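Chain by chain, the residues run as shown.
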Amino acid sequence: MMERKIIHIDMDAFYASVEQRDNPELRGKPLAVGYSEERGVVAAASYEARRYGVRSAMSSQKAKRLCPQLIFVRGRMDVYQSVSRRIHEIFHEYTDIIEPLSLDEAFLDVTENKPDIPLAVDIAKEIKKRIREELNLVASAGISYNKFLAKIASDYRKPDGLCTIHPDQAMDFISALPIESFWGVGPVTAKKMHTLGIHNGLQLRMCSLDMLNRQFGKVGALYYDFARGIDLRPVEAVRIRKSIGCERTLEKDISLSSSVIIELYHVAVELVERLQRKDFKGNTLTLKIKFHDFSQITRSITQANELTTLDKILPLAKQLLKEVDYEHHPIRLIGLSVSNPREETDEHGATWEQLSFEFSDWE
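Here's what I pulled together on the structure shown here.

### With respect to the packing of helix H1 (residues 14–22) against helix H4 (residues 77–92)
Alright, step 1. Remark: H1 packs on H4, axes separated minimally by 11 Å, with the N-to-C direction vectors making an angle of 100 degrees. The orientation of H1 with respect to H4, classified from their angle, is roughly perpendicular. Counting all contacts with H1, which are made through Phe14, Tyr15, Val18, Glu19, Arg21 and Asp22, the residues of H4 involved are Met77, Val79, Tyr80, Val83, Ser84 and Ile87.
Alright, step 2. Partitioning the contact of H1 with H4 into residue classes produces eight nonpolar, one polar and three charged.

This is how it looks when you write it as structure tokens:
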């Protein structure tokens, strides 16, 4: 583990930066990619907008209240995908062990690299320089001996960040790290951590594995390892799709049962179409509900048979919906996803990808 050289590259305000690059009139101005309509959501925000508190996934109405001069532009996914492909072409000139997490971020294992550059930080500097010169965009980079620390490092000095966490610095760095900065700790988990007196990495390290498992279930082991700088996951050049899902933000908050069922039906139909288009088969159905106050919950159920058709998915979705009290909490968004539990799991019964990404996203 200690011999690995891993870089995490994260583009700074990617969608917004592409829009500002391509339209000089938008440069230096608070910008949001998304829809400004009443039910719109911010997909990405420029750093000028972030100074006002505007963030991705925020409602457009709230964003405009925080920043009245905010400029909205519609997203151009085809452009972002094209730029992302060019970025990855640069990555491949240094290594083929690349694990993309999204269009704008990826892990690179440069332990053995094509130019035979001994220091990973020098590779990161070259990549950052080339992205700036060839694409006129800015990337942040984190370098360390595992994925957890490399990702933390890339966030540490944003924007245009470059941070290396050496093995002999890791324990001190983690000790001072706020618990909110830990990979996989979202607002809900952070609040629970605080009630347990855990505010930083040192306090987390003082907790026993048994205690963390009791309090947080199977992800307790992940927190236990991270607090000690341990992350054995390799950079995986091919990432297997773990789930397919879709969600719908409603034009108006709803609490009437008949209206909720109709919307659930439409989401289920769209989900089935996506499953068939991607030829994806899974056994676990997850319902995601976001309420009028932006709080959200998820409910899941696993079946022995694969969930691929509407006649199998819709009854299960209705069953999960019965566990949701929407009569007193109007619904803003409904989502459904199918995931496949028949995959390699770690010794605690969960896939590393689920532990590392999915549970934090749901928060």
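### Observations concerning empty space enclosed by the protein
Alright, step 1. Under the defined criterion, the tally for this structure stands at one cavity of 30 Å³ or more.
Alright, step 2. Taken as a whole, the largest cavity encloses approximately 40 Å³ of empty space.
Alright, step 3. Surrounding the largest cavity, Ile9, Met11, Ile87, His88, Phe91, Leu103, Asp104, Glu105 and Ala106 form its lining.
Alright, step 4. Listing elements by their share of the lining of the largest cavity, those giving two or more residues are strand S1 (6–11), H4 and strand S6 (105–109).
Alright, step 5. A total of three residues in the lining of the largest cavity trace back to one element, the largest contributor, which is H4.
Alright, step 6. Residue composition of the lining of the largest cavity, by class: six nonpolar, one polar and two charged.

Rules used throughout
- Residues numbered from 1 in each chain as written.
- Predicted model: local features only at pLDDT ≥ 70, side-chain atom pairs only at ≥ 80, totals over all residues.
- Heavy atoms only, no water.
- Axes fitted to C-alpha atoms, helices over the stretch in contact; angles between N-to-C directions.
- Helix = DSSP H or I, 4+ residues; strand = E, 2+ residues; numbered from the N terminus.
- Parallel < 35°, antiparallel > 145°, perpendicular 65-115°, else oblique.
- Contact = heavy atoms within 4.5 Å.
- Nonpolar A, V, L, I, M, F, W, Y, C, P; charged D, E, K, R; others polar.
- 1 Å grid on protein atoms, 1.4 Å probe; cavity = no way out; pocket = protein on both sides within 12 Å on 5 of 7 lines; lining within 4 Å.
- Points joined across faces, edges and corners; volume = space filled by probe spheres on them.

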